Amino acid sequence: YKAKATHTGHHVFGVGDDGHGDARLRTLAELRFAMADDQFVLHYQPKVALPGGEVTGVEALVRWAHPTRGLLLPEQFLSLVEEAGLMSELTRIVLEKALDQAKLWAAQGHAWTVAVNLSASSLIDVGLPERIGDMLAERGLPAEALLLEVTEEFLMTDRERARDILTRLRENGTRIAVDDFGTGYSSLSYLRDLPIDELKLDRSFVGPMSGDARAAALVASTVGLAHSLGLRMVAEGVEDAAAFDELARVGCDQAQGFLLSRPVPAAELDLWLAERPRAVAGLSARDLAVSN
Ligand code: C2E
Ligand code: MG
Ligand code: MG
Ligand code: MG
């Protein structure tokens, strides 16, 4: 067993561990206790329309509010959750919290979608579509209030199965996005036949865009491709105003990234919205960003 110190001073469990040893067992016990003790919290990151900047939705991102190690990021605990066989349970917790919050926002008149990330292991849970339908119904939420983000990798591993699972999820009326798009080499003909609504262009394509004509051309053609398949394109990892403007120029539909807001607790997102100048076409990205 080895613990690596990160820049935040936390220890990372999972990557590189041998899976044996007392520390490991303690962490597993901690994880089970954390679920019972409600130590998982969601932060939310907005997505905005291009070019106007209106908020179209928020993505829920899980954190573990660890009693002694502080706020842990997904990369510090998700692999452990997987290995412990607790991913379906974590998914249930995240969905419940995200939909509770969606209901609060709906009551405030926000007609936006809340996106939840689903790992491959929770997607193969055959009870998931029905459970999601029940969770929406319990809260009186329309299915369109929820967007499920699945990875391109999941789509590529077992294509027939992935198609079946997505079809069943979409029968609820729930929207589906392909996360980290561009990293998994999925073919166009395959994507065309999948019941999906949105592609989220991986940030490795978005970062280099500003000031690099070839990177920008690649994004432009990918956006055109998404549109030709009837899919919406969302750029993730938008960190600077130049990338925001360039994405708007090439017709990308929505943007998400630190330029607009980092993932924050719901109460902070409400403050961000209140402080933000009203999104109007013609305002520059710089005007729409609130320092965070
Ligand atoms: P993702 O779904 O692709 O989420 C985007 C990640 O990029 C988030 O990291 C977010 O904080 C970060 N990010 C957003 N904008 C920017 C930017 O402008 N620049 C940079 N450098 N990064 C940005 P986070 O919250 O650490 O989440 C990492 C990954 O963990 C997520 O990637 C997702 O795959 C997974 N994850 C998060 N929450 C959940 C969950 O509830 N369930 C599951 N199964 N996976 C989750
Ligand atoms: Mg995501
Ligand atoms: Mg992503
Ligand atoms: Mg990503």
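Coordinates for the structure precede this section.
Below, the structure is looked at part by part. Note that the structure is a prediction, hence the values are computed from the model and not measured. (Residues numbered from 1 in each chain as written. Chains lettered and ligands numbered in written order. Predicted model: local features only at pLDDT ≥ 70, side-chain atom pairs only at ≥ 80, totals over all residues. Heavy atoms only, no water.)

## Quick word on the coordination of the magnesium ion (ligand 3)
We count it as follows: Here a donor is an N, O or S atom found within 2.8 Å of the metal, or within 3.2 Å if the metal is Na, K or Ca; sites may look incomplete because water is not among the atoms. Type-normalised accessible area, obtained with a 1.4 Å probe on protein chains alone, sets the label of each residue: buried when under 20%, exposed when over 50%, and partly exposed for intermediate values.
On the protein side, the magnesium ion (ligand 3) has Asp179 (OD), Asp180 (OD) and Glu236 (OE) as donor atoms, found 2.0 to 2.6 Å from it. Sequence positions of the residues that donate to the magnesium ion (ligand 3) give the spacing D-D-x55-E. Classification of Asp179 by relative accessible area gives buried; the value is 7%.

## Brief notes about helix H11 (residues 241–249)
Applied cut-off: Note on conventions: DSSP H or I runs of at least 4 residues are helices, E runs of at least 2 residues are strands, and numbering of each starts at the N terminus.
Every buried residue of H11 is accounted for by Ala241, Ala243, Phe244, Glu246 and Leu247. At the C-terminal side of H11, Gly251 shows a positive phi close to 85 degrees.

## Things to note about the site of ligand 1
Selection criterion: Nearness here has a simple test: a residue counts as near a molecule or strand if at least one of its heavy atoms is within 4 Å of that partner. Each polar contact in these results corresponds to two N or O atoms within 3.5 Å; when the atoms are within protein, one needs to be able to donate a hydrogen and the other to accept it, and residues that are neighboring in sequence are counted only if both atoms are side-chain atoms. Note on areas: Shrake-Rupley with a 1.4 Å probe; residue coverage comes only from the protein chains shown.
Taken together, 21 residues sit near ligand 1, with Arg63, Asn117, Asp179, Glu239 and Phe258 positioned nearest. Asn117 is positioned such that a nitrogen or oxygen atom in its side chain is 2.9 Å from an oxygen atom of ligand 1. For ligand 1, whose unbound accessible area comes to 810 Å², protein coverage reaches 82%. For the shell around ligand 1, the secondary structure elements donating two or more residues are strand S4 (55–66), helix H2 (74–83) and strand S8 (175–181).

## Let's talk about the packing of aromatic side chains
Any aromatic ring pair is given by two values, namely how distant the centres are and how the planes are angled relative to each other. Condition: Centre distance within 6.5 Å is the pairing criterion for rings of Phe, Tyr and Trp, where only the six-membered ring of Trp is used; planes under 30 degrees apart are then read as stacked, over 60 as edge-to-face, and the remainder as tilted.
Within this structure, the stated rule accounts for five aromatic pairs. With a centroid separation of 5.9 Å and an interplanar angle of 90 degrees, the aromatic rings of Trp64 and Phe77 are classed as edge-to-face. Separated by 13 residues along the polypeptide, Trp64 in strand S4 and Phe77 in helix H2 bring together distant segments of the chain. Judged by relative accessible area, Trp64 falls into the buried class, the value being 1%. Residue Phe77 is classed as buried on the basis of its relative accessible area of 1%. Ring-pair connections join several aromatic residues into one group, and the members of that group are Phe40, Trp64 and Phe77.

## Re the pattern of salt bridges
For clarity, the cut-off: Should a side-chain nitrogen of Lys or Arg be within 4 Å of a carboxyl oxygen of Asp or Glu, the pair is scored as a salt bridge.
In this structure the tally under the stated criterion is 16 salt bridges. Between Arg69 and Glu30 there is a salt bridge; the shortest N-O distance is 3.1 Å. Placement of the pair is Arg69 in the loop between S4 and strand S5 (70–72) and Glu30 in helix H1 (residues 22–36), with a sequence separation of 39 residues. Residue class for Arg69 comes out buried when judged on its relative accessible area of 16%. Residue Glu30 is classed as partly exposed on the basis of its relative accessible area of 30%. Put simply, Glu89, Arg92, Glu96, Asp100, Glu138 and Arg139 are held in one network by salt bridges that share partners.

Any functional reading would require information beyond the geometric quantities listed.
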